[in-house]
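# Structure assessment
What follows is the residue order along each chain.
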Amino acid sequence: MTHYNIALNFEDGVTRVIECEDDEKVTDAAFRQKINLPMDCRDGVCGTCKCFAEKGEYELEFYMDESMSDEEAEQGYVLTCQMIPESDCVLRVPASSAVCKTAPEAVQAEVLGVDRLSETSFSLRVKPAKPIGFLPGQYVNVTVPGTQKHRSYSFSSAPGADIATFLVRNIPGGVMSSYLGEGAKTGDSVTLTGPMGAFYLRPMERAQLWLAGGTGLAPFLSMLEQVAEQGTDQPITLFYAATNAADLVELDRVNALAGKIGNVTVITVLAAEEDAHERKGFVTDHVTADDLHGGDCDVYLCGPPPMVDAVRSHFGKLGVEPANFYFEKFNPTEAEGVAA
């Protein structure tokens, strides 16, 4: 039987992915899976269930002008009680997950291995008890075995993959870093809670400029995995910035995915003076107005807060604002790489 995956993005950052059967309306599928999307009438009359479709093909059976205008429908608004998906879809729900009586899902996972990629980073590989539906760029909370703590990391693996991977910055004395560097064993159990976050890849309708700082590469690996699978006609420029040459981890994987996609330009930047490299300094020393395509581009950035602030200021100095600017700040001193 045909079914489609519908990602429901709630306003508190929680995402739940539900299965919608062929010819099934989204509200019916949500209720069947115990998620109470806002609704009063079920008839396309009240407008209470109005959401915004960020991605996907669908049919709207009926709606009255009082509930949604034709202009709103053209913009991408939908009434979920009248929406019948014809592909996988992403919906922005103007309500919290708590209001809809749902929450981030907790999934048990088995540790398969830890790879020390450099002195400053690890790769963690786990096998969830079931595949986790998420949007490329999102993160989960990962429990630290032997403690009551968790840390937040973006997936670096493809959505729905049997094996989930994460890039983890090695913070001396950090609770997750200490576990990965000293105590991690194959077969350990961790809990993944999520997915969460508003930083995820939207439909690619224009040129893309992706900016990764250090382990902020993780969400872009997930994005590249999806684009490699689905393809795109849009050019992608990925700036990957790190401190030292050894910190440019997973570069072979990046280049392999870029080669598979075909229209990806990968540019690396190093900050350390002692390392010889074609491009030294920071991303803002190398991103030009041409990279912004006159503003007709989407920018995605994942890195520490100073990088986000510097890039925003740099765009102002260039006098070019992108059509969309999505970013994820992480502060490793507080959470060992939140969302990265």
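Along each chain, residues carry numbers from 1 onward, in the same order as the chain's sequence is written. Only residues with pLDDT of at least 70 are given local features in this predicted model, and only at 80 or more are side-chain atom pairs given and counted; all residues enter the totals for whole chains, interfaces and linings. The basis for every side-chain value is the complete set of non-hydrogen atoms in the structure, without hydrogens or water.

### Structural notes on helix H6 (residues 305-318)
Spacing of three or four residues puts side chains on the same side of an α-helix, whose turn is 3.6 residues. Strands are runs of DSSP state E lasting at least two residues, helices are runs of H or I lasting at least four, and both sets are numbered from the N terminus onward. Here the expected length of a helix is defined as 1.5 Å per residue gap, with one fewer gap than residues. The terminal C-alpha atoms of H6, which comprises 14 residues, lie 20 Å apart, in line with the 20 Å expected from a rise of 1.5 Å per residue. Here, residues are in contact when the closest pair of their heavy atoms is within 4.5 Å. Structurally, H6 contributes buried residues whose contacts are with strand S14 (207-213), strand S17 (297-303) and strand S18 (324-329). In the segment just after H6, Gly319 is the residue with positive phi, at about 75°.

### Brief notes about the pairing of strand S13 (residues 189-196)
Along S13, 6 of the 8 residues are buried, which leaves the element largely enclosed by surrounding structure. Strands are treated as partners if at least two bridges between them are detected by DSSP. Across 6 bridges, the pairing between strand S8 (residues 105-118) and S13 is antiparallel. Directly across from Glu110, in S13, lies its bridge partner Ser189. One ladder, built from 3 bridges, connects strand S10 (residues 139-143) with S13; its direction is antiparallel. From the neighbouring strand, Asn141 faces S13, where its bridge partner is Thr193. Burial classes follow relative accessibility: with a 1.4 Å probe on protein chains only, a residue under 20% of its type's maximum area counts as buried, one over 50% as exposed, and anything between as partly exposed.

### Brief notes about the nonpolar core
Working definition of a nonpolar core: buried Ala, Val, Leu, Ile, Met, Phe, Trp, Tyr and Cys residues. They are joined through side-chain atoms within 4.5 Å. Among the nonpolar cores identified, the biggest contains 30 residues, and Trp210, Leu217, Phe220, Leu238 and Tyr300 are the most heavily contacted of them. Top contributing element to this core by residue count: helix H4 (residues 218-230), with 7 residues. If sequence neighbours within four positions are ignored, Leu238 has contacts with Trp210, Ala212, Leu217, Phe220, Leu224, Val254, Thr265, Val266 and Ile267.

### Some words on the packing of H4 against helix H5 (residues 251-261)
Running from N to C, H4 and H5 point in directions that differ by 25°, and their axes come no closer than 9 Å. The orientation of H4 relative to H5 falls into the category roughly parallel. Pair H4 / H5 crosses with left-handed handedness. Contacts from Leu221, Leu224, Glu225, Val227 and Ala228 of H4 reach H5 at Arg253, Val254, Leu257, Lys260 and Ile261. Note on residue categories: nonpolar means Ala, Val, Leu, Ile, Met, Phe, Trp, Tyr, Cys or Pro, charged means Asp, Glu, Lys or Arg, and polar means any other residue, Gly included. For the contact of H4 with H5, the residue count by class is 7 nonpolar, no polar and 3 charged. With axes taken as lines fitted to C-alpha atoms, and helix axes fitted only over the stretch in contact, angles between N-to-C directions fall between 0 and 180 degrees. The cut-offs work like this: below 35 degrees is roughly parallel, past 145 is roughly antiparallel, 65 to 115 is roughly perpendicular, and the gaps in between are oblique. Should the near helix be turned anticlockwise from the far one by less than a right angle, the crossing is termed left-handed; should it be turned clockwise, right-handed.

### A closer look at the sheet that holds S13
Across a sheet, paired strands are connected by hydrogen bonds in the backbone, their directions being either parallel or antiparallel. Taken in spatial order, the 6 strands of this open sheet run S11-S10-S13-S8-S9-S12, and their pairing is antiparallel. Both outer strands of the open sheet, strand S11 (150-154) and strand S12 (164-169), are each paired with one neighbouring strand and no more. Here the average twist between neighbouring strands, direction ignored, is 40°. Helix H3 (residues 175-183) contacts S8, strand S9 (121-128), S10, S11 and S12 of the sheet and is inclined by roughly 80° relative to S9.

### Points about the state of the cysteines
Cysteine sulfur atoms are paired as a disulfide whenever they fall within 2.5 Å. Inspection of the entire model under this criterion finds 0 disulfides. Not part of a disulfide, Cys51 finds its nearest cysteine sulfur in Cys49, a span of 6.8 Å. On the accessibility criterion, Cys51 (4% relative accessible area) is buried. Unpaired in this structure, Cys81 has its nearest cysteine sulfur neighbour in Cys49, at a distance of 3.7 Å.

### Quick word on a negative patch on the surface
Like charges are joined within 9 Å and nonpolar side chains (Val, Leu, Ile, Met, Phe, Trp, Tyr) within 5 Å, but only among residues with over 30% relative accessible area and no salt bridge; these make up the patches. Surface accessibility in these figures is a Shrake-Rupley result with a 1.4 Å probe; residues are shielded only by whichever protein chains are displayed. By convention in these notes, a salt bridge is any Lys or Arg side-chain nitrogen within 4 Å of a carboxyl oxygen on Asp or Glu. We count Lys and Arg on the positive side and Asp and Glu on the negative side, and we leave His and both chain ends out. In plain terms, the charge of a residue is placed at NZ if it is Lys, CZ if Arg, CG if Asp and CD if Glu. On the surface, Asp22, Asp23, Glu57, Glu59 and Glu86 cluster together into a negatively charged patch. Its location among the elements puts Asp22 in the loop between strand S2 (15-21) and helix H1 (26-32).

### Here's the deal with the domain arrangement of the protein chain
Each domain's extent was defined by an automatic or database domain assignment. The assigned domain composition of the protein chain is domain 1 (3-99), domain 2 (104-196) and domain 3 (207-329). If you average the C-alpha positions of domain 1 and of domain 3, the two centres end up 33 Å apart.

### Focus on H5
For H5, the full list of buried residues reads Val254, Leu257, Ala258 and Ile261. Buried residues in H5, looked at end-on, bunch into an arc of 105°, giving them a common side. Opposite the buried face of H5, at more than 90 degrees from it, the exposed residues are Asp252, Ala256, Gly259 and Lys260. Buried-residue contacts for H5 involve H4, strand S15 (236-242) and strand S16 (264-270). Positive phi appears at Gly262, one or two residues downstream of H5, with a value of about 100°. This arc corresponds to the set of directions leading from the helix axis out to the C-beta atoms.

### Focus: the side chain of Gln138
Relative to the elements of secondary structure, Gln138 occurs in the loop between S9 and S10. Contacts described as polar in this section are N or O atom pairs within 3.5 Å, which, within protein, must combine one atom able to donate a hydrogen with one able to accept it, while residues neighboring in sequence count only if both atoms come from side chains. For Gln138, the side chain forms a polar contact with the main-chain oxygen of Gly197, separated by 2.8 Å. Not counting residues up to four positions away in its chain, the partners in contact with Gln138 are Asn9, Thr15, Ser154, Phe155, Pro195, Met196, Gly197, Phe199 and Tyr200.

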